[in-house]
Amino acid sequence: MPRRPDSAGSDTPSSRDSSAASGGRHSSSLPSLRRDLRHGLVIARVDLRRSRRALVDDPARFVSVLIVGLLLIPLGLAAVGGAYGLGRAFGDDLQTAVPYARSLVLPGVGVLASIVLFYRLTVGPLPDHPTLPLTSTTTRAVVVAALLTSVAVLVLWVLAPLLVLSTAFSLGAGTVALPIGLAVWLVPLTAVGATSGYLCSLWLARIDRRLRIPRWLKILGWFLLTVALFLGWQAVASGSGHSLLESGYRLLSEGVVASTAGAYADALVLTAGIVSSPDRLAVSGGVSLLFLATAAVAFTRSVANVEHLWFDDETRTDAVAVSRPPARAPAPLAWSQSGRFAWHYLLLARRAPRRLVHLTMLVFFLFPLLSFAYSAPGRVLEFAPTVGVLACALVTGASFCLNPLGDERGALPAILLSSVDATYALRGRILAGFTLGVVPLALGALAGVGSGVDPASVVWLVVLGVALSLAAGGVACGLGTLVPKFEPDEVYGVETVRPSHIPLIGFELGTLVVLGVGLWLLGAPSPEPATVLETPLPYVLYAAFVAASGVLGYLGAARTLRGYTV
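## Concerning the overall build of the chain
So, step 1. Counting its secondary structure elements, the chain contains 19 helices and 2 strands.
So, step 2. Each of the 566 residues in the chain was classed as buried or not, and the buried ones make up 40%.
So, step 3. In the chain, once contacts between residues fewer than 6 apart in sequence are set aside, the share between residues at least 24 apart is 83%.
So, step 4. With an accessible surface of roughly 29400 Å², the chain has 70% of that area assigned to carbon and sulfur atoms.

Structure representation (structure tokens):
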């Protein structure tokens, strides 16, 4: 436990009062800096231990992480083999690798900053309740702790695998100094990447407070901004973007990269002992100091922004919830009890978008599609119905069905004690997810027909999408009731109960595999109905498997709910 600011000097009441009145702001003396570093290290160490303990004590979360690790092992082995082969290809002439290193310096900083940005947005800019007692020190110490935990994340997911790959590369090239040189070379890059990513997360938190629009519009805006940035990068990288973007990219690539990043790439080969040049060593050392100075400036600004977020009297500007009578369900949903439950869940998602925060994982599936769309724009509309089928199945199951018990929160006892059959709520979740998923399915079908795809082929894809979506809802409900999750988490600064990792990852991977098989059988993106009629056996077996999986998942979830019903 770090000492409070008042314990650094005297312990008199007046000193404590003056320290509290200062709002936890730091002093600039060297002893206070050492104290802040020590306190920050303690906070970071406790936070990492708490994260490790939470992972080990939660069997579902531990098993899900273990499954992901097992899935990544083949990819890691293939990457190590590729790095070793690349090292053998370069051989002793490692100077030829310097141009590649020059082109990766600034993108590497961007990747490190993006990972820290995403991580800090996930945990939120403010400490949670278990960490709050540890923050009874200066603001600078808390910022140090946040940066240390962010660096730990970078080491785990990026830097350690990169050092393993560099070791394999150096073994193939016949040199042993490269991993050591790379470890030293990565220190300034990690410093500037971690501090800049953390600073950007604080800026986004302040912008989020000041925007006077509802939260769901903010989420939509950040999503569209992410897509626009990705497409803009694709445009300027391929040289086919707007002239202003191209000129800015050329200025960056020819000016900054050729001088700053190029000199820093020379530092790698100098540190590894590949080249010996005092002049180049001096220039690369100066660039290293420039990176460290940039990190120091970002750290100072981070402290100022954290103080603004914590201590300034600034109210949140999200739309204020107004008490109003519940809206009536529209005609199609009002015809049945399940439809009215579906309307209830849709209203909850509209008023509290944090219930759907786990759908952000689906965004990662969007980037390969965007890359394909940019590389082959002429075939975008042709594949639109196929993408609509994929989106409909994933959204139907993932929106409301992956945690039927935990997502009800305080309303669960009322549902289980009600005279209404609890399975109506289960079917309502599937119907609510399908209501959201049918939107991309319909848009994809209309785009396909408008682009000249055979309407009969589009009809076959729509039928596949509807069948797979309903089955996906049943499977998701079954997985969600097998591994429920009731404990709330703070995601992107918002507290919510999200599904456990096991049903979430299992459902997404299983849906992609089953859907891929179905699209392959139909011959997407332009299936031919005659083929189905000529050889019906594979399609009958596939339809039986899809129907059986959906029914068994739904029946398992219904049995679990009826077991809890009084």
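What follows picks up the thread again.
## Comments concerning empty space enclosed by the protein
So, step 1. The tally for this structure, following the rule as stated, stands at 3 cavities of 30 Å³ or more.
So, step 2. What the second largest cavity holds in volume is close to 50 Å³.
So, step 3. Around the second largest cavity, the lining residues are Arg355, His358, Ser399, Phe400, Leu402, Asn403, Asp407, Arg429, Val497 and Pro499.
So, step 4. Per-class residue counts for the lining of the second largest cavity are 4 nonpolar, 3 polar and 3 charged.

## So, the nonpolar core
So, step 1. In this structure, Phe400, Leu426, Leu464, Phe507 and Leu515 are the most contacted members of the largest nonpolar core, which totals 45 residues.
So, step 2. Taken together, the elements giving at least two residues each to this core come down to α11 (337–351), α13 (384–400), α15 (423–450), α16 (455–482), α17 (501–522) and α19 (537–564).
So, step 3. Setting aside residues no more than four positions away along its own chain, Leu426 makes contact with Pro404, Cys477, Tyr554, Ala557, Ala558 and Leu561.
So, step 4. One finds Ala83, Ala101, Phe169 and Leu268 within the second-largest nonpolar core, a separate group that totals 35 residues.

## Thoughts on the packing of aromatic side chains
So, step 1. Tallied over the full model, the rule gives 1 aromatic pair.
So, step 2. Over the ring of Tyr345 we find Arg429, and its NZ or CZ is 4.3 Å from the ring centre.

## Some remarks on the packing of α16 against α17
So, step 1. At a minimum axis separation of 11 Å, α16 and α17 run at an interaxial angle of 155°. The pairing of α16 with α17 is recorded here as roughly antiparallel in orientation. Considering only the axes of α16 and α17, their crossing is right-handed. Residues Trp460, Leu461, Leu464, Leu468, Ala472, Ala476, Leu479 and Gly480 of α16 lie in contact with α17, whose contacting residues are Pro503, Phe507, Val514, Leu515, Gly518, Leu519 and Leu522.

## Some points on the pattern of salt bridges
So, step 1. Within this structure, the stated rule accounts for 3 salt bridges.
So, step 2. Close ionic contact of Asp36 with Arg140 constitutes a salt bridge, the shortest N to O distance being 2.7 Å. Here Arg140 lies in helix α5 (residues 139–173) and Asp36 lies in helix α2 (residues 30–57), a separation of 104 residues in the sequence. Arg140 matches Asp36 in its accessibility class, with the two residues each being buried.
So, step 3. Its salt-bridge partner being Arg50, residue Asp47 comes within 3.3 Å of it at the nearest N-O pair. Placement of both Asp47 and Arg50 in helix α2 is noted, with a separation of 3 residues, approximately one turn of the helix.
So, step 4. Judged by relative accessible area, Arg50 falls into the partly exposed class, the value being 28%.
So, step 5. Taken together, the shared-partner salt bridges connect Arg35, Asp36 and Arg140 into one network.

## With respect to α17
So, step 1. The first and last C-alpha atoms of α17 sit 31 Å apart over 22 residues, in line with the 32 Å expected at 1.5 Å per residue.
So, step 2. Listed in full, the buried residues belonging to α17 are Pro503, Leu504, Ile505, Phe507, Glu508, Thr511, Leu515, Gly518, Leu519, Leu521 and Leu522.
So, step 3. Of the residues trailing α17, Gly523 is marked for its positive phi of about 80°.

## Some thoughts on the side chain of Asp36
So, step 1. Owing to a relative accessible area of 0%, Asp36 belongs among the buried residues under this scheme.
So, step 2. Within the local environment of Asp36, its side chain forms a polar contact with the side chain of Arg140, the two groups lying 2.7 Å apart.

## Focus: α15
So, step 1. Look at α15: 40 Å from first C-alpha to last across 28 residues, which is about the 40 Å you get at 1.5 Å a residue.
So, step 2. One or two residues past the end of α15 sits Gly452, with phi positive at roughly 105°.

## Here's the deal with a nonpolar patch on the surface
So, step 1. Side chains of Val56, Phe62, Val63, Leu66, Ile67, Leu70, Leu71, Ile73, Leu77 and Leu509 sit close together on the surface and give an oily, nonpolar patch of about 890 Å² of accessible area.
So, step 2. Ranked by residues supplied to the nonpolar patch, first place goes to helix α3 (residues 59–90) with 8 residues.
So, step 3. Along the chain, Leu70 turns up in helix α3.

## Looking at the packing of α13 against α16
Each pair of packed helices gets described by two things: the angle between the helix axes and the distance between those axes.
So, step 1. The N-to-C vectors of α13 and α16 enclose an angle of 15°; their axes lie 7 Å apart at closest approach. It follows from the interaxial angle that α13 and α16 lie roughly parallel. As for the relative orientation of α13 and α16, their crossing is right-handed in sense. Here Pro385, Thr386, Val389, Cys392, Ala393, Thr396 and Gly397 of α13 lie close against α16, whose contacting residues are Val458, Leu461, Leu464, Gly465, Ser469, Ala472, Gly473 and Ala476.
So, step 2. Classifying every residue of the contact of α13 with α16 by side-chain character gives 9 nonpolar, 6 polar and no charged.

## A few points about the side chain of Thr149
So, step 1. Relative to the elements of secondary structure, Thr149 occurs in helix α5.
So, step 2. Judged by its relative accessible area of 2%, Thr149 falls in the buried class.
So, step 3. Within the structure, Thr149 has its side chain in polar contact with the backbone oxygen of Ala146 (distance 2.7 Å).
So, step 4. Setting aside its immediate chain neighbours within four residues, Thr149 contacts Ala44, Asp47, Leu48, Tyr119 and Arg120.

## Details of the confidence of the model for the chain
Close reading of the predicted structure is inappropriate where its pLDDT is low.
So, step 1. Scored by pLDDT, the chain has a mean of 75; 70% of the residues are at 70 or more.
So, step 2. Mean pLDDT across the elements of the chain bottoms out in helix α1 (residues 13–21) (37) and peaks in α5 (89).
So, step 3. The model gives residues 1–28 a pLDDT under 50, and that stretch makes 45 contacts with residues more than four places away or in other chains.

Cut-offs applied
Residues numbered from 1 in each chain as written. Predicted model: local features only at pLDDT ≥ 70, side-chain atom pairs only at ≥ 80, totals over all residues. Heavy atoms only, no water. Helix = DSSP H or I, 4+ residues; strand = E, 2+ residues; numbered from the N terminus. Buried < 20%, exposed > 50% of the residue type's maximum accessible area, 1.4 Å probe, protein only. Contact = heavy atoms within 4.5 Å. Areas by Shrake-Rupley, 256 points an atom, 1.4 Å probe, with all protein chains shown as cover. 1 Å grid on protein atoms, 1.4 Å probe; cavity = no way out; pocket = protein on both sides within 12 Å on 5 of 7 lines; lining within 4 Å. Points joined across faces, edges and corners; volume = space filled by probe spheres on them. Nonpolar A, V, L, I, M, F, W, Y, C, P; charged D, E, K, R; others polar. Core = buried A, V, L, I, M, F, W, Y, C linked by side-chain atoms within 4.5 Å. Phe/Tyr/Trp six-rings, centres within 6.5 Å; stacked < 30°, edge-to-face > 60°. Lys NZ or Arg CZ within 6 Å of the ring centre and 35° of its normal. Axes fitted to C-alpha atoms, helices over the stretch in contact; angles between N-to-C directions. Parallel < 35°, antiparallel > 145°, perpendicular 65-115°, else oblique. Left-handed = near helix turned anticlockwise from the far one by under 90°. Salt bridge = Lys/Arg side-chain N within 4 Å of Asp/Glu carboxyl O. Expected span 1.5 Å × (residues − 1). Polar contact = N/O pair within 3.5 Å; in protein donor to acceptor, adjacent residues only side chain to side chain. Patch = residues over 30% accessible without salt bridge, like charges linked within 9 Å, V, L, I, M, F, W, Y side chains within 5 Å. pLDDT = per-residue confidence, 0-100.

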